[in-house]
Amino acid sequence: MTTGTPPPNRPRRSRARTLLPLGIAAWLVLEIWLLTVVAGAANGFTVLLILAAGAVLGAAVIKRAGRRAFRNLTETLQQMPGQPGASAGPPATPAGSKGNGLLMLGGLLLMIPGLISDAAGLLLLVPPVRSALGRSAERSLERRMRKSAPGGLSDAFQQARMHRPDGKVVQGEVIREDGAPGRPRGS
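Residues numbered from 1 in each chain as written. Predicted model: local features only at pLDDT ≥ 70, side-chain atom pairs only at ≥ 80, totals over all residues. Heavy atoms only, no water.

*Asks:* What's the story with the side chain of E31 in this structure? I'm lost.
*Replies:* Along the chain, E31 falls in helix 1 (residues 15–41). E31 has contacts with G114, L115, I116 and S117, leaving out every residue within four places of it along the chain. (Helix = DSSP H or I, 4+ residues; strand = E, 2+ residues; numbered from the N terminus. Contact = heavy atoms within 4.5 Å.)

Structure, rendered in structure tokens:
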């Protein structure tokens, strides 16, 4: 007789993995419903024009952000030590290098058919919203990194884990080829 509890070797699904498919399905139903409401209020041609304009604007935003990101990458690589004309210090971050990822996400949301995704994409095109969202995402990522690896990244790279087919975790220590001993775990 099955009690309904997961097997002991299998980890529980996170809440996000359980709710994400339901959220996507609800979002799709809401997008379709909203498009039919707008089509009923105006006409189908208006909805088609809105969707086409969103796709064109999204493509233009992605193209512009991609060019800017590539230009920033090129400038950064040219300032690396050893390159002709590079400074002796560390390479400086180009002025407009932040926000390209969120700008591309905004363009992608504009390209996805639907009015809610268009509104979210247009919000990401507003610089104060984009910078506030970027700062919040950066803080959240830093918090998660500190929580997941208490000793920092050096501890995470120092310890290796090997998962066997039966699900057991074998812990070990990284041994370098050059014979240099790894740091002990407590320091």
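Let's pick the thread back up.
*Asks:* It is not clear to me how helix 3 (residues 100–111) should be interpreted in this structure. Could you clarify?
*Replies:* Each α-helix winds once per 3.6 residues, and so residues spaced three or four apart point in a common direction. The first and last C-alpha atoms of helix 3 sit 16 Å apart over twelve residues, in line with the 16 Å expected at 1.5 Å per residue. Every buried residue of helix 3 is listed here: N100, L103, G106, G107, L109 and L110. (Expected span 1.5 Å × (residues − 1). Buried < 20%, exposed > 50% of the residue type's maximum accessible area, 1.4 Å probe, protein only.)

*Asks:* Honestly, the environment of N43 in this entry has me stumped. Any pointers?
*Replies:* Along the chain, N43 falls in the loop between helix 1 and helix 2 (44–78). On the basis of relative accessibility, which here comes to 37%, the residue N43 falls in the partly exposed class. Only 2.6 Å separates the side chain of N43 from the side chain of T46, close enough to count as a polar contact. (Polar contact = N/O pair within 3.5 Å; in protein donor to acceptor, adjacent residues only side chain to side chain.)

*Asks:* Explain a positive patch on the surface here, please?
*Replies:* There is a patch of like positive charges on the surface, built from R135, R139, R143, R144, R146 and K147. With respect to the helices and strands, the residue K147 is situated in helix 5 (residues 127–148). (Patch = residues over 30% accessible without salt bridge, like charges linked within 9 Å, V, L, I, M, F, W, Y side chains within 5 Å. Areas by Shrake-Rupley, 256 points an atom, 1.4 Å probe, with all protein chains shown as cover. Salt bridge = Lys/Arg side-chain N within 4 Å of Asp/Glu carboxyl O. Lys, Arg positive; Asp, Glu negative; His and termini not counted. Charge placed at Lys NZ, Arg CZ, Asp CG, Glu CD.)

*Asks:* So what exactly am I meant to see when it comes to helix 2 here?
*Replies:* Helix length check: helix 2 (35 residues) gives 51 Å between terminal C-alpha atoms against 51 Å at 1.5 Å per residue, within 8%. By the burial criterion, the buried members of helix 2 are V47, G54, G58, V61, A65 and N72. Tucked into the core, helix 2 has its buried residues touching helix 1 and helix 3. Capping of helix 2 at its N-terminal end is provided by N43; its side-chain oxygen lies 3.3 Å from the backbone amide nitrogen of F45.

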